Amino acid sequence: MAADQFIVQPGQALHHETTVPGDKSISHRAVLFGALAQGETHVRGWLAAGDTEASLRAVQTLGVAVERHGRNELTLHGGTFRQPAAPLDLVNAGTGIRLLTGIMVGQPFPSILDGSAQLRRRPMNRIINPLREMGADIEGTAGYAPLYVRPAALRGIRYDMPVASAQVKSALILAALFANGETVITQPGPARDHTERMLMSMGANLTSDNSGSAVHVRSGARLHPLNFTVPGDASSAAFPTVAALIVPESAIRLTNINLNPTRTGIFDVLQAMGGDVAVEETGTAAGDPVGTITVRHSILRGVEVGGEVVVRMIDEFPVFMVAALLAEGETIVRDAQELRVKETDRIAVMAGELRKLGAQIEELPDGFRVVGPQRLRGAVVDGHDDHRVAMSMVVAGLAAEGVTHVHDARCAADSFPGYAETMASLGAAVRVEALG
Ligand code: S3P
């Protein structure tokens, strides 16, 4: 099959100002929650990417009418669903399948939720088990998708989440909107809270205590539609941020970035490494603080990462591994075992691809250890159908000697359409070429 590759030439400093595409987590929720709201939801700055388009197609399959105004602006006519004629195909989208399952268990018709071979490898018992406790009639395929859902009466439960997962929390919150009685969910760490913020602003019966560690939800509220602009994705901003830190003489500015504190762990850790990363709030969007990130090339120092910050930067570890290789001294990451059940096992896959550039990385069950700074040499590497792996390998290529080819570049568009163009607009020598 024809595919694309990124071709990366090192040596060019990054300059200028840009923004990044809309937040993926919020864009999924915009269409899934807009489908539940009574009336017209308007979204600007929506992320039109592989994962979010899968959620959008799913709600269309459920009978929700969608008008598109250009690529990034949508109107959804929510409030009623019809029984889908075919399985709901979430392709590679873990957020899409887990959140939509929380909605489907509350519907008066059966449904099947499925996805790509990659999505079928991701664990679903983490939602199946608590949803069953709520009374849901749901069956997986030995704990994986496809998921078979039939109508059932739901009841509120108390659930203490064993892992800090926003997808699990969100699936249960959504099911609780259809349950009798109160649902209380506690989380061991501060997983992203977009679901709580958005549903509260839509009028849901939902409260989150001050520390955010317990969420209380009741059914019965009529959900109002949203009319808002999605801010730029902090996870996408992490790629040019690390690139500018490690390529000498770089100085860039990223505007309109979502600075929700459950998402900004990467910037805190890069600052702790001595990175010149200035984060400035300039306003709010969709209830989240939004602002500008200014980054200058820096000599980074190794750091220990573990505990509470891990969930606040969970999607940024692939590119963080690149930063750690270029930092002086030892970097150790612990408590990040969730990386092993993302789109890929991101500890093993990133270590394997970076080794092709000559890196030395010690894998730990729940993280990794590296001692830097290390010299990287350009090579042919693979994206493994994992957008964040492909994009991180581009950043590594910018700090290597010689040219790097990242095969399977197309998957970057699962979260960051136009990635090569954005990096090139900052001055990096990154381009996409057809392969094979
Ligand atoms: C997401 C939650 C996180 C994150 C994923 C998006 C979300 O997953 O890794 O990219 O939008 O809720 P987990 O909830 O499985 O940790």
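Residues numbered from 1 in each chain as written. Predicted model: local features only at pLDDT ≥ 70, side-chain atom pairs only at ≥ 80, totals over all residues. Heavy atoms only, no water.

A. Local environment of the domain arrangement of the chain. By the assigned domains, the chain splits into domain 1 (4-22 + 231-434) and domain 2 (24-229). When each unit is reduced to the centre of its C-alpha atoms, the spacing between domain 1 and domain 2 is 28 Å. Contact residues are listed per partner, giving 32 residues for domain 1 and 27 residues for domain 2. Between domain 1 and domain 2, roughly 2200 Å² of surface is buried when both sides are summed, and carbon and sulfur atoms account for 47% of that area. Together, Val311, Glu343 and Asp414 form the three largest contributors to the area buried by domain 1 at its contact with domain 2, with a combined 23%. The interface formed by domain 1 and domain 2 includes four salt bridges. For Glu338, the salt bridge is made with Arg126, and the minimal N-O distance between the two is 2.9 Å. Across the domain 1-domain 2 interface, the total number found is 15 residue pairs in polar contact (both at pLDDT 80 or more). (Domains from an automatic or database assignment. Contact = heavy atoms within 4.5 Å. Buried area = accessible area lost by both parts, 1.4 Å probe. Salt bridge = Lys/Arg side-chain N within 4 Å of Asp/Glu carboxyl O. Polar contact = N/O pair within 3.5 Å; in protein donor to acceptor, adjacent residues only side chain to side chain.)

B. Looking closely at the sheet that holds strand β15 (residues 214-218). One open sheet accounts for four strands, arranged β11-β13-β15-β14; its pairing is mixed. Lying at the two open borders of the sheet, with one neighbouring strand each, are β11 (158-160) and β14 (205-208). Neighbouring strand axes in the sheet, compared pairwise and without regard to direction, differ in orientation by 10 degrees on average. Note that β11 and strand β13 (residues 183-186) share three bridges and pair parallel. (Pairing = 2+ DSSP bridges. Helix = DSSP H or I, 4+ residues; strand = E, 2+ residues; numbered from the N terminus. Axes fitted to C-alpha atoms, helices over the stretch in contact; angles between N-to-C directions.)

C. Layout of the packing of aromatic side chains. All chains considered together, the criterion is met by four aromatic pairs. Measuring from centroid to centroid gives 6.0 Å for Phe317 and Phe320, while their planes differ by 90 degrees, and the two rings are edge-to-face. Taken as a pair, Phe317 and Phe320 lie in helix α10 (residues 317-326) at a separation of three residues, close to a single helical turn. According to the relative accessible area criterion, Phe317 is buried, its value standing at 2%. When its relative accessible area of 0% is taken as the criterion, Phe320 is described as buried. A network of ring pairs unites the aromatic residues Phe6, Phe239, Phe416 and Tyr419 as a single cluster. (Phe/Tyr/Trp six-rings, centres within 6.5 Å; stacked < 30°, edge-to-face > 60°. Buried < 20%, exposed > 50% of the residue type's maximum accessible area, 1.4 Å probe, protein only.)

D. Here's a closer look at the sheet that holds strand β7 (residues 111-114). Strand order across the open sheet formed by four strands is β6-β7-β9-β8, with mixed pairing between neighbours. Both edges of this open sheet fall to β6 (88-89) and β8 (137-141), since each of them pairs with a single strand only. Strands in contact with helix α3 (residues 94-104) are β6, β7, β8 and β9 (144-150); relative to β7, the strand with the most contacts, it is inclined by about 170 degrees. With respect to the sheet, helix α4 (residues 125-133) is in contact with β8 and β9, its orientation differing from that of β8 by roughly 160 degrees.

E. Highlighting the layout of surface pockets. Computed from the structure, the largest pocket encloses a volume of approximately 640 Å³. Looking at the lining of the largest pocket, the elements with two or more residues in it are α1 (24-36), α3, α5 (166-176), α9 (309-312) and α12 (387-398). For the lining of the largest pocket, a count of residues per class yields ten nonpolar, ten polar and 17 charged. Residue-level mapping places the lining of the largest pocket at the junction of two domains, with at least three residues from each of domain 1 (4-22 + 231-434) and domain 2 (24-229). As a volume, the second largest pocket reaches approximately 230 Å³. Lining the second largest pocket are 14 residues; nearest its centre among them are Leu36, Gln38, Phe178, Ala221 and Leu223. (1 Å grid on protein atoms, 1.4 Å probe; cavity = no way out; pocket = protein on both sides within 12 Å on 5 of 7 lines; lining within 4 Å. Points joined across faces, edges and corners; volume = space filled by probe spheres on them. Nonpolar A, V, L, I, M, F, W, Y, C, P; charged D, E, K, R; others polar.)

F. Quick look at α12. Helix length check: α12 (twelve residues) gives 17 Å between terminal C-alpha atoms against 16 Å at 1.5 Å per residue, within 8%. Counted residue by residue, α12 has twelve buried out of twelve residues, so it is predominantly covered. (Expected span 1.5 Å × (residues − 1).)

G. Inspection of the environment of Val380 at higher detail. Tracing the chain through its elements places Val380 in strand β24 (residues 380-382). Distance from Val380 to Val406, taken between C-alpha atoms, is 6.1 Å for residues 26 residues apart in sequence. Each residue touching Val380, except ones within four places of it in the same chain, is listed here: Lys356, His405 and His407.

H. Here's a closer look at the site of the ligand. The immediate surroundings of the ligand are formed by Ser25, Arg29, Thr95, Ser165, Ala166, Gln167, Arg192, Ile314, Asp315 and Lys342. Here Ser25 contributes a side-chain N or O atom positioned 2.7 Å from an oxygen atom of the ligand. Take Asp315: an N or O atom from its side chain is 2.6 Å from an oxygen atom of the ligand. Its free accessible area being 380 Å², the ligand has 95% of it covered by the protein chains. If you map the ligand onto the pockets, it falls in the largest pocket. Elements represented by at least two residues in the shell around the ligand include exactly α1 and α5. Taken together, the residues of the shell around the ligand sort by class into two nonpolar, four polar and four charged. (Near = heavy atom within 4 Å. Areas by Shrake-Rupley, 256 points an atom, 1.4 Å probe, with all protein chains shown as cover. Sits in = over half its atoms within 2 Å of the grid points.)

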